[in-house]
Amino acid sequence: MTDVTGAPADVLHTLFQSDQGGHEQVVLCQDRASGLKAVIAIHSTALGPALGGTRFYPYASEAEAVADALNLSRGMSYKNAMAGLDHGGGKAVIVGDPETIKSEELLLAYGRFVASLGGRYVTACDVGTYVADMDVVARECRWTTGRSPENGGAGDSSVLTAFGVFQGMRASAQHLWGDPTLRDRKVGVAGVGKVGHHLVEHLLSDGAEVVITDVREESVRRIQDKHPSVRAVADTETLIRTEGLDIYAPCALGGALDDHSVPVLTAKIVCGAANNQLAHPGVEKDLADRGILYAPDYVVNAGGVIQVADELHGFDFDRCKAKATKIFDTTLAIFARAKADGIPPAAAADRIAEQRMAEARRR
């Protein structure tokens with residue numbers, strides 16, 4: 001079913017009416033010469049210009065791309081609010097397989113569309129886009145972060161993303177076991193790519209036992225060649241059922257926590273880098289009912305956005321790392337709020353973020 005505009009009715013419902021909506025602006029971008037099809041979604045500018053990455057992905061349909069942009073941009077509003085940044089939430093998606101259609105011409109065209117928003121949206125890297133891509137986009141758009149150091153940027157944000165997730169894990173351990181160390185804890189990491197392999201380094205340095213899985217054999221091999229003690233399993237299904245698992249870290253694409261995975265999870269804590277880990281509303285309660293402590297994804301994986309936001313003001317790694325270290329305290333505060341209000345941590349984090357955005361709107 002389509003609306004009078006020709007857009008799928010469910011997408012328009014999400015945009016204008018549902019709890020997942022409330023977006024300020026959604027821009028559909030097309031450049032026929034380069035093959036660019038993109039969606040830029042601005043969820044909120046209450047706290048400042050919307051900030052969020054550009055995902056380059058072969059969506060099955062344009063409607064799926066729009067829905068993903070809406071969902072991801074909303075998540076960025078909450079992430080930026082909880083990270084204490086003066087930025088609202090935005091996200092862009094480029095439709096297509098980056099391995100086959102990504103080109104300089106396409107990225108320049110995309111940069112022109114972002115620039116046309118006059119600073120309401122600041123872009124960065126996400127799945128399918130990299131520092132080199134942002135260098136190209138920045139040639140047409142000054143509201144671009146995640147650039148290379150030689151082009152005035154901060155470089156790879158996955159380093160601080162992993163550091164922030166590690167801080168969230170330490171806070172989770174502190175809350176559940178009374179000690180922030182992960183020594184002798186068994187941690188399963190699903191996805192050891194850009195962020196996951198840095199997280200593994202932190203875990204090993206802290207004395208954790210690490211089990212990994214990844215759809216890319218080369219990613220697994222890179223870690224095991226360096227750290228033979230790290231055990232690999234065939235897939236995520238095997239990982240979540242691993243006996244004696246203390247912590248599960250989803251670090252690939254979203255939707256890892258669903259009606260299938262939650263009932264069989266052996267871990268007592270879920271804390272990972274992936275965005276949108278809860279497949280649908282209600283999963284957070286299912287986790288709580290099973291006694292599994294969930295560290296909200298958009299809180300613990302905020303190290304990257306902290307870095308790219310700092311880039312706008314002249315990047316300083318030590319300053320960013322200090323801010324990312326505070327993810328430990330923020331995570332503990334969420335657990336305390338959840339206990340006080342008698343709600344799951346995901347709901348507590350939402351309440352805190354919504355309160356900050358509401359207060360900003362009243363000013």
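Remember, it's a predicted structure, so these values are computed and weren't measured experimentally.

**Quick word on helix H7 (residues 196-205)**
Along an α-helix, residues three or four apart share an orientation, since each turn contains 3.6 residues. Taken residue by residue, H7 has Gly196, His197, Leu199, Val200 and Leu203 as its buried positions. Buried residues of H7 fall within an arc of 150 degrees about the axis and therefore sit on the same side. Trailing H7 by a residue or two, Gly207 shows a phi angle of about 90 degrees, which is positive.

**Overview of the packing of aromatic side chains**
Within the structure shown, the criterion is met by three aromatic pairs. Ring geometry for Phe315 versus Phe317: centroids 6.4 Å apart, planes at 75 degrees, classification edge-to-face. In this structure Phe317 comes out as partly exposed when scored by relative accessible area, which is 35%. For Arg185, the ring lying beneath its charged end belongs to Trp177, and the centroid distance is 3.7 Å. For the cation-ring pair, Lys321 lies above Phe163, with the distance from its terminal atom to the ring centre recorded as 5.0 Å.

**Some thoughts on the nonpolar core**
If you look at the biggest cluster of nonpolar residues, it comprises 67 residues, and the most contacted ones within it are Tyr110, Met169, Val189, Leu199 and Leu203. The greatest single-element share of this core, amounting to seven residues, is contributed by helix H6 (residues 158-177).

**A word on the side chain of Ser44**
When you line up the elements, Ser44 lands in strand E2 (residues 36-44). At 3.1 Å, the side chain of Ser44 forms a polar contact with the backbone nitrogen of Ala46. When near neighbours in sequence (up to four residues on either side) are disregarded, Ser44 contacts Glu24, Ala50, Ser77, Gly88, Gly89, Met357 and Arg361.

**Points about the confidence of the model for the chain**
For the chain, mean pLDDT is 93; residues scoring 70 or higher make up 94% of the total. Counting interchain partners and residues more than four positions distant, the pLDDT-below-50 stretch residues 1-6 has eight contacts.

**Topic: the sheet that holds strand E12 (residues 293-294)**
The six strands lie next to each other as E9-E8-E7-E10-E11-E12, forming an open sheet whose pairing is parallel. Two strands lie at the open edges of the sheet, namely strand E9 (231-232) and E12, each paired on one side alone. Strand direction decides the pairing type here: strand E7 (residues 186-190) and strand E10 (residues 247-250), joined by four bridges, are parallel. Opposite Val189, over in E10, you have Ala249 as the bridge partner. Against the sheet, H7 engages E7, strand E8 (209-213) and E10, with an angle of about 170 degrees to E7.

**Brief notes about the pattern of salt bridges**
On inspection of all chains with the given rule, the structure shows 19 salt bridges. Here Arg55 ties to Asp126 by a salt bridge, and the two come within 2.6 Å at their closest N and O atoms. Taken together, the positions of Arg55 in strand E4 (residues 54-57) and Asp126 in the loop between strand E6 (121-122) and helix H5 (131-137) put the pair 71 residues apart, joining distant regions of the chain. We note a salt bridge from Glu140 to Arg112, for which the minimum N-O separation is 3.3 Å. Of this pair, Glu140 sits in the loop between H5 and H6 while Arg112 is found in helix H4 (residues 104-115), placing the two residues 28 residues apart along the sequence. Each of the salt bridges in this network shares a partner with another, and the network as a whole consists of Arg55, Asp68, Lys91 and Asp126.

**Notes on the packing of helix H12 (residues 303-311) against helix H13 (residues 317-325)**
Contact geometry for H12 and H13: axes closest at 9 Å, N-to-C directions at 145 degrees. Of the two possible hands of crossing, H12 and H13 adopt the one that is right-handed. Here Gly303, Ile306, Gln307 and Asp310 of H12 come into contact with H13, specifically with Arg319, Cys320, Lys323 and Ala324. Across the contact of H12 with H13, the residue classes tally to three nonpolar, two polar and three charged.

**Observations concerning the pairing of E2**
Within a regular strand, side chains alternate between the sheet's two faces. With respect to burial, E2 is a largely interior element, eight of its nine residues being buried. In terms of strand pairing, strand E1 (residues 25-31) meets E2 through seven bridges, oriented antiparallel. Within E2, the residue paired with Cys29 across the bridge is Ala38. Remark: four residues form the turn of the hairpin made by E1 and E2, two consecutive strands paired antiparallel; Gly35 in that turn has positive phi of roughly 90 degrees. As paired strands, E2 and strand E5 (residues 88-95) are joined by six bridges and run antiparallel to one another. Opposite Ser44, over in E5, you have Gly89 as the bridge partner.

The rules behind the values
- Residues numbered from 1 in each chain as written.
- Predicted model: local features only at pLDDT ≥ 70, side-chain atom pairs only at ≥ 80, totals over all residues.
- Heavy atoms only, no water.
- Buried < 20%, exposed > 50% of the residue type's maximum accessible area, 1.4 Å probe, protein only.
- Helix = DSSP H or I, 4+ residues; strand = E, 2+ residues; numbered from the N terminus.
- Arc of directions from axis to C-beta.
- Phe/Tyr/Trp six-rings, centres within 6.5 Å; stacked < 30°, edge-to-face > 60°.
- Lys NZ or Arg CZ within 6 Å of the ring centre and 35° of its normal.
- Core = buried A, V, L, I, M, F, W, Y, C linked by side-chain atoms within 4.5 Å.
- Polar contact = N/O pair within 3.5 Å; in protein donor to acceptor, adjacent residues only side chain to side chain.
- Contact = heavy atoms within 4.5 Å.
- pLDDT = per-residue confidence, 0-100.
- Pairing = 2+ DSSP bridges.
- Axes fitted to C-alpha atoms, helices over the stretch in contact; angles between N-to-C directions.
- Salt bridge = Lys/Arg side-chain N within 4 Å of Asp/Glu carboxyl O.
- Left-handed = near helix turned anticlockwise from the far one by under 90°.
- Nonpolar A, V, L, I, M, F, W, Y, C, P; charged D, E, K, R; others polar.

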